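Given next are the chains, with one letter for each unit.
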Amino acid sequence: MTLIMLFDILLVATLLWLAWRLLATEDIFKAVVLFISFGLLMALAWVRMRAPDVALAEAALGAGLTGPLFLSALRRMERIRKEERRVDTDEDRDDDVKAGNKRKETI
Amino acid sequence: MMMSKPGISGRRRFDPFLLLIFLLVLLLTLILARAVCTLPMGGEGLAGEVARFQQQSGVESPVTAVLLNFRGYDTLLEVMVLLLAVIGVWSLATASFVKNSFATSPVQISVVRLLAPLMCLVAAYLVRQGTHLAGGAFQGGAVLGAAGVLLLVTELPWLSVVPSLLLRIGLLLGPLCFLAVAILCMFSGRQLLQYPSGEAGWIVLLIESACAVSIGLTLASLFAGGRPGGDVSDD
């Protein structure tokens, strides 16, 4: 019984520490990685609260999908920043503008 | 939060605005703590009520009974919100599916080829399991979506190869199925989403399967980050 309580206390402490770290860190990539681990531990916490449905959803959605979504958004942000640095090679954005105009015409 | 972020201008200056935010957050924390402390302890809530009508719900899992039957309206709205998210992303951007400069490792490709069908199987199992144990449309759909994300990351371009119309039908399958059931219930003289007694079991499973497919496709489309190029609207 006390062992389980010790585990719970450790889990809560780790969750709080992870939450603090991911909010306080300057490096966005590091924050995303911390967020994924936070999600996995949160799933464990839901299991301890005897809510396996929520635990499954948290593990699959919170850790498994939101993390990659953040990572892909991060990569996109970096790509946009690089494109802004090289002003002469933004054919990609020109294409986007053309597609936007076309969409307006169809409307 | 306030003491981090070093090195903007040496030592941080005193900012009254930050102090205001800190006090507001402190106040919110106190209010929430008070709300938690005054919650009735040990109460059973609505668990007894759910258990009493479990037989009528057509499923054995109380969570699925609440989500898909007793409070089906909320789940219907949730599914609609996911659909709206995809519509929003698709109207803002097109996914380019450009090849990365470095090639994907053959080990990764073969592992994903092995894993993807297995994950589809697990997703179907989770949806099926949702009727009597933990699981359901959202969990199954998330696993399905994860399989799609893995395929996208490995640059197996399924999202750009699948015909766009088929993809759109897949995205709409869950919401439309749910809505059709809701409206049909109304037409046969019942309330919205009040399933006919005795038939609730397969109706719930049908809605869950359709929603799982849609949720999986939705999550994978969100990861792709835009409308696939060469879409039907580009013709």
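Our structure is the block above this text.
Residues numbered from 1 in each chain as written. Chains lettered and ligands numbered in written order. Predicted model: local features only at pLDDT ≥ 70, side-chain atom pairs only at ≥ 80, totals over all residues. Heavy atoms only, no water.

**Q** Account for the overall build of chain B, naming residues and giving values.
**A** For chain B, the helix and strand inventory stands at 10 helices and 2 strands. Starting at the N terminus and ending at the C terminus, chain B contains elements arranged as α-α-α-α-α-β-α-α-α-α-α-β. Burial status across chain B gives 37% buried among its 235 residues. Contacts in chain B between residues at least 24 apart in sequence constitute 73% of all its contacts with a sequence separation of at least 6. Accessible surface for chain B amounts to roughly 14,400 Å². Of this, 72% is attributable to carbon and sulfur atoms. (Helix = DSSP H or I, 4+ residues; strand = E, 2+ residues; numbered from the N terminus. Buried < 20%, exposed > 50% of the residue type's maximum accessible area, 1.4 Å probe, protein only. Contact = heavy atoms within 4.5 Å. Areas by Shrake-Rupley, 256 points an atom, 1.4 Å probe, with all protein chains shown as cover.)

**Q** Got a sec to walk through the pattern of salt bridges? Specific residues and values, please.
**A** Residues and elements named next belong to chain B. Counted by the stated rule, this structure contains 3 salt bridges over all chains. Measuring nitrogen to oxygen at the nearest pair gives 2.8 Å for the salt bridge that ties D74 to R71. The class for D74 is partly exposed, based on a relative accessible area of 31%. We classify R71 as partly exposed; its relative accessible area is 48%. (Salt bridge = Lys/Arg side-chain N within 4 Å of Asp/Glu carboxyl O.)

**Q** Can you lay out the environment of A:F70 for me, pointing to particular residues and giving the numbers?
**A** Residues and elements named next belong to chain A. Mapped onto the elements, F70 comes out in helix α3 (residues 52–85). Note on F70: relative accessible area 40%, which makes it partly exposed. When the C-alpha positions of F70 and A31 are compared, they lie 9.9 Å apart, and in sequence the two are 39 residues distant. Here F70 is in contact with V32 and F35, once residues within four sequence places are set aside.

**Q** Residues and numbers for the packing of aromatic side chains, please.
**A** Residue and element names in this part refer to chain A. Taken as a whole and assessed by the stated rule, the structure comprises 1 aromatic pair over all chains. Geometrically, the ring pair formed by F35 and F70 is edge-to-face, given 5.4 Å between the ring centres and 70° between the ring planes. Here the residue F35 occupies a position in helix α2 (residues 28–48), and F70 occupies one in helix α3, the gap between them amounting to 35 residues. Classification of F35 by relative accessible area gives partly exposed; the value is 25%. (Phe/Tyr/Trp six-rings, centres within 6.5 Å; stacked < 30°, edge-to-face > 60°.)

**Q** Go over the state of the cysteines, please, and point to the residues and values.
**A** All names here are of chain B. Enumeration over the complete set of coordinates arrives at 0 disulfides over all chains. With no disulfide partner, C177 has as its closest neighbouring cysteine sulfur the one in C211, 7.2 Å distant. You can call C177 buried: its relative accessible area is 18%. Residue class for C211 comes out buried when judged on its relative accessible area of 2%. (Disulfide = S-S within 2.5 Å.)

**Q** Hey, could you go over the side chain of B:Q139 for me, with residue numbers and the actual values?
**A** Positionally, B:Q139 belongs in helix α7 (residues 137–153). By relative accessible area, B:Q139 is classed as buried at 8%. Sequence-distant contacts of B:Q139, that is, excluding residues within four places in its chain, are made with A:D53, A:L56, A:A57 and B:L126.

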